[in-house]
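Structural characterization, general
Chain by chain, the residues:
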Amino acid sequence: MTLDRRTILRGALAAPFVSNVAVAQGTEIRFGTWAREGEAQFIAATKFKEVVEAGAQGRLRVTVYGGNQLGTPAEMLAQLATNTTQVMASGDPGIREIEYLALPYLMRGLANHLAVLALPEAARWQEDLVRRRRVRLLGFQPRNPRQISANKVISAIEDLRGLKLRSPEQDYYVQSIAALGARPTPMAFSEVYQALQLGVVDGQENPIETIWASKFFEVQKCVAMVDYIDKPAYVMVGEPFWSRLSAADRDLLRRAEAESRTASTTIMPGQAKEVLDRFRAAGLAVTYPEKAPFIAATQKVRDELGTKIWGAELYRRIVEIGARQIA
């Protein structure tokens, strides 16, 4: 099922309050995600649906909308606040203090993100998120680190010099790509395939599962495994919906999120190997450039934005947590 984005947004603005109550009582939980069928995160969303529906015994029904059918992350966040969508998984948690944990080479993995969010300061971030955006962070979905694909073979950082790379619009993506010597070109995700095909941009960056699912490999020659950003997906729930749930149903949603995370974590290693094999079979070069120059080149981006977002002392503590090897 493919939904027209403008229709969805008009519905979000026009939906009467009574329809929101009906949704909260269990008519439907709309779960929006960028992930497409076959991606570990889509499988996780399906697991979330299974756990919720089994535990709710008819009180709650979940419909998963993959491939950004419900809109961009910003549009879905707005839908959560109006209770026209109830749950989403995306790269936008709605608050900079959480999202900027994805600064280049800052975190080693999801466990490091979770360790930062256990800090006392992180409780205030959640409070601010609920107060300002009317959404809350329910949990995470792990993703593979972001890699760089291009229409030429990337064997070293020098090979990026002058390449036009599509970038998400956030400043840390733009500044990171520029620091690596490439020319960042901010662009909506929906426009990337055609831009690669037409040569508007030379390459892009994303986790390998997204590169495969979006078929970017059809219009690229290389995937360079540089691990330059470790960024999970954020599972968000709308506060208007959450506030009307019983304590038991809130616990059910938390359990569904935890079980869905376990499902995707279990799937991802085997899926990553399979995707890399598919790239090679499709004729792409899969390279492993030396990472030290990438880490050094992006140091200024980390330090300047990290200090700006959290302040010098908290940033120092976050750097320490991000560098740990956490099982």
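Everything below is about the structure shown above.
What you see as residue numbers is a count from 1 along each chain, following the sequence as written. This being a predicted model, a pLDDT of at least 70 is required before a residue's local features are given, and a value of 80 or more before pairs of side-chain atoms are given or counted; all residues contribute to the totals for chains, interfaces and linings. Side-chain metrics in this entry use all non-hydrogen atoms of the structure; hydrogen atoms and water are not considered.

1. Overview of the overall build of the protein chain
We apply this condition: Here a strand is any run of E in DSSP of at least two residues, a helix any run of H or I of at least four, and the numbering for each starts at the N terminus. Our radius of gyration is a C-alpha quantity, and the globule rule it is checked against amounts to 2.2 Å times the number of residues to the power 0.38. Whether two residues are in contact is decided by their heavy atoms: any pair within 4.5 Å suffices. The accessible surface values rely on the Shrake-Rupley method and a 1.4 Å probe; as for residues, cover is taken only from the protein chains in view. We score Asp and Glu as negative and Lys and Arg as positive, and we do not count His or the chain ends. For charged residues, the charge sits on one atom: NZ in Lys, CZ in Arg, CG in Asp, CD in Glu.
Counting its secondary structure elements, the protein chain contains 15 helices and 11 strands. Here the C-alpha radius of gyration of the protein chain, 20 Å, is about what a compact globule of 327 residues would show, namely 20 Å. Projected onto its principal axes, the C-alpha coordinates of the protein chain cover approximately 60 × 45 × 35 Å. For the protein chain, the proportion of contacts with a sequence separation of at least 24, taken over those separated by at least 6, is 75%. If you sum the accessible surface of the protein chain, you get close to 14,100 Å²; carbon and sulfur atoms cover 53% of it. Counting 42 positive and 36 negative side-chain charges, the protein chain places the averaged centre of each group 2 Å from the other.

2. Observations concerning the sheet that holds strand β4 (residues 135–141)
Selection criterion: Strands qualify as paired when DSSP identifies two bridges or more between them. Convention adopted: a line fitted to C-alpha atoms gives each axis, helices being fitted over their contacting stretch, and angles between N-to-C directions are expressed from 0 to 180 degrees.
The mixed open sheet is built from five strands, whose spatial order is β2-β1-β3-β10-β4. Because the sheet does not close on itself, it has two edges, and the strands there are β2 (62–65) and β4. Averaged over all neighbouring strand pairs, the angle between strand axes comes to 20°, with direction disregarded. Summarising the sheet, strand β3 (residues 87–90) and strand β10 (residues 233–238) pair through four bridges and their orientation is antiparallel. Bridge pairing in β10 places Ser90 opposite Tyr234.

3. Considering the packing of aromatic side chains
Heads up, the condition is: Two aromatic rings from Phe, Tyr or Trp, using only the six-membered ring of Trp, form a pair when their centres are within 6.5 Å; if the ring planes differ by under 30 degrees the pair is stacked, by over 60 it is edge-to-face, and anything between is tilted. A 1.4 Å probe rolled over the protein chains alone gives each residue an accessible area, and that area as a share of the maximum for its type sets the label: buried under 20%, exposed over 50%, partly exposed in between. Cation placement over rings: the criterion is NZ of Lys or CZ of Arg within 6 Å of the ring centroid and within 35° of the ring normal.
One pass over the structure, following the stated rule, counts nine aromatic pairs. When the ring of Phe31 is compared with that of Phe48, the centres are 5.3 Å apart and the planes differ by 70°; the resulting orientation is edge-to-face. In this pair, Phe31 sits in strand β1 (residues 29–33) while Phe48 sits in helix α3 (residues 40–56), placing the two residues 17 residues apart along the sequence. In this pair, the class of Phe31 matches that of Phe48, namely buried. In textbook terms, an aromatic cluster arises when at least three aromatic residues are bridged by ring pairs, as seen for Tyr100, Tyr172 and Tyr173. Here the basic side chain of Arg30 rests over the ring of Tyr65, its NZ or CZ set 5.3 Å away from the ring centre.

4. What to know about the environment of Thr72
Tracing the backbone shows Thr72 in the loop between β2 and α4 (73–82). The spatial distance from the C-alpha of Thr72 to the C-alpha of Pro269 is 28 Å, given a sequence separation of 197 residues.

5. Focus on the pattern of salt bridges
Keep this limit in mind: By definition, a salt bridge exists where a carboxyl oxygen of Asp or Glu is found within 4 Å of a side-chain nitrogen of Lys or Arg.
With the rule as written, the count across this model stands at 17 salt bridges. When the shortest N-O distance is used, the salt bridge between Lys291 and Asp227 registers 2.4 Å. You can see Lys291 sitting in the loop between β11 (285–287) and α13 (292–297) and its partner Asp227 sitting in strand β9 (residues 222–229), a full 64 residues away along the chain. Taking relative accessible area as the criterion, Lys291 reaches 32% and is therefore assigned partly exposed. Among the ionic pairs, Arg316 bridges to Glu313, the shortest N-O distance being 2.5 Å. One end of the pair is Arg316 and the other is Glu313, both in helix α15 (residues 312–323) and three residues apart, which spans about a single turn. When its relative accessible area of 43% is taken as the criterion, Glu313 is described as partly exposed.

6. Some remarks on the pairing of β1
With five of five residues buried, β1 lies mostly within the body of the structure. Covered by surrounding structure in β1 are Ile29, Phe31 and Thr33 together with Arg30 and Gly32, the residues of both alternating faces. In this structure, β1 lies alongside β2, joined through four bridges in parallel fashion. For Ile29, the partnering residue across the bridge sits in β2 and is Val62.

7. A look at unusual backbone geometry
A positive phi is found at Gln57, a non-glycine position, where the angle reads about 50°. By the secondary structure assignment, Gln57 is in the loop between α3 and β2. Judged by its relative accessible area of 70%, Gln57 is exposed. Within the chain, Arg134 stands out as a residue other than glycine whose phi angle is a positive 60°. Along the chain, Arg134 falls in the loop between α7 (120–133) and β4.

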